[in-house]
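Secondary and tertiary structure notes
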Amino acid sequence: YGAGDCFAYAATKRPEFKQRAERAFDALRFLQKVTQGGPHSPPKGFVARTIRPVDWPDPNVGRLAQDREAQQHDRLWKVIDPRWPRSADGRWFWKCDTSSDELDGHYFFYPAYYDLVADTDAERERVREVVRDLTDHLLAHDFCLVDHDGKPTRWAVFSPRALNHDPDWVVERGLNSLSILSYLAVAEHITGDAKYGRAARDLIEQHAYAMNVMTPKQQLGVGSGNQSDDEMAFMCFYNLLRYTRDERWREKWRFAFH
């Protein structure tokens, strides 16, 4: 939705699209800020899945039992309490255990907003701050999103140790390698900091992530598998092909996208 408004504003320059894109940015930025400073605060940069006001029914009631039941069907399912911590100001519940799905959406939106909508240095700096804090969080935690319990979330795991060496992550190897390389390309583009490019090169040269991307999804033919994975791959390929500085791999990744 937010990226669509960015594209619409770039194409038409109609102010209502700019206003919608600005509201989308403020909402996504808030998902990062709301997690900090409360009684269950994850490391800086962590983004919540979503929020809800505290005057709504407490979403934690009965949740722990649901998580334990879910773990019976998925042994890697994260049992975490509270799943909905309170914000520092006491006004919000925010949902933790954020997935790679959410990160793909965040990183798809930010460069579209930065390139097409943000038109002042102050606004561009707000984008840089959010992207820098989120990406630095991933770099500091072995390319994982770490929750308020000090452990990675169920799905936001992009580390070579897991994707290349843990059989539990074989299915996600291609897609999550694609995700993290696209995140790093976005971060370097928006912040101008070469450390993100260096991290990407290390994943490519030392851990074969560029080759992992060549098989972005295990599938059984057209129409098979999980459509949400296709959507995630589209968002990540879009930014990886636009912003990567590694021309050696760009044509190969175009073939992988095809």
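Calculation rules
Residues numbered from 1 in each chain as written. Predicted model: local features only at pLDDT ≥ 70, side-chain atom pairs only at ≥ 80, totals over all residues. Heavy atoms only, no water. Core = buried A, V, L, I, M, F, W, Y, C linked by side-chain atoms within 4.5 Å. Buried < 20%, exposed > 50% of the residue type's maximum accessible area, 1.4 Å probe, protein only. Helix = DSSP H or I, 4+ residues; strand = E, 2+ residues; numbered from the N terminus. Contact = heavy atoms within 4.5 Å. Pairing = 2+ DSSP bridges. Salt bridge = Lys/Arg side-chain N within 4 Å of Asp/Glu carboxyl O. Phe/Tyr/Trp six-rings, centres within 6.5 Å; stacked < 30°, edge-to-face > 60°. Lys NZ or Arg CZ within 6 Å of the ring centre and 35° of its normal.

A word on the nonpolar core
In this structure, Leu-103, Tyr-110, Tyr-113, Ile-180, Leu-181 and Trp-253 are the most contacted members of the largest nonpolar core, which totals 67 residues. Tallying contributions element by element places helix 7 (residues 173-191) first for this core, with 10 residues. Among residues more than four places away in sequence, those in contact with Trp-253 are Leu-181, Ile-204, Ala-210, Val-213, Met-214, Phe-237, Leu-240, Leu-241 and Thr-244.

With respect to the pairing of strand 4 (residues 152-157)
Where strand 3 (residues 144-146) lies against strand 4, two bridges are found, and the strand directions are antiparallel. Within the sheet, the bridge partner assigned to Cys-144 lies in strand 4 and is Val-157. Between strand 3 and strand 4, which pair antiparallel in sequence order, lie five residues; one of them, Gly-150, sits at a positive phi of approximately 80°.

Considerations on the pattern of salt bridges
Within the structure shown, the criterion is met by 26 salt bridges. Residues Asp-119 and Lys-18 are paired through a salt bridge, measuring 3.6 Å at the closest nitrogen-oxygen approach. Taken together, the residues span a long stretch of sequence, with Asp-119 in the loop between helix 4 (100-116) and helix 5 (121-140) and Lys-18 in helix 2 (residues 15-33) at a distance of 101 residues. For Asp-119, a relative accessible area of 47% translates into the label partly exposed. Where Glu-251 meets Arg-254, a salt bridge forms, and the shortest distance between an N and an O atom there is 2.2 Å. In this pair, Glu-251 and Arg-254 are both assigned in helix 11 (residues 247-257), three residues apart and thus about one turn of the helix distant.

Quick word on the packing of aromatic side chains
Inspection of every chain in the model, using the stated rule, returns 15 aromatic pairs. When the ring of Phe-109 is compared with that of Tyr-110, the centres are 5.9 Å apart and the planes differ by 65°; the resulting orientation is edge-to-face. Note on accessibility: Phe-109 and Tyr-110 belong to one class, buried. An aromatic cluster is built from Phe-25, Phe-109, Tyr-110 and Tyr-113, whose rings are joined through pairwise contacts. Here the guanidinium or amino end of Arg-154 rests over the ring plane of Trp-155, the centre of that ring lying 3.7 Å away.

Re the environment of Trp-92
If you trace the backbone, Trp-92 turns up in strand 2 (residues 92-94). It is 4.6 Å that separates the C-alpha atoms of Trp-92 and Pro-53, two residues lying 39 residues apart in sequence. Contacts of Trp-92, omitting those with residues within four sequence positions, involve Phe-30, Val-34, Ile-51, Arg-52, Pro-53, Val-54, Pro-85, Arg-86 and Ser-87.

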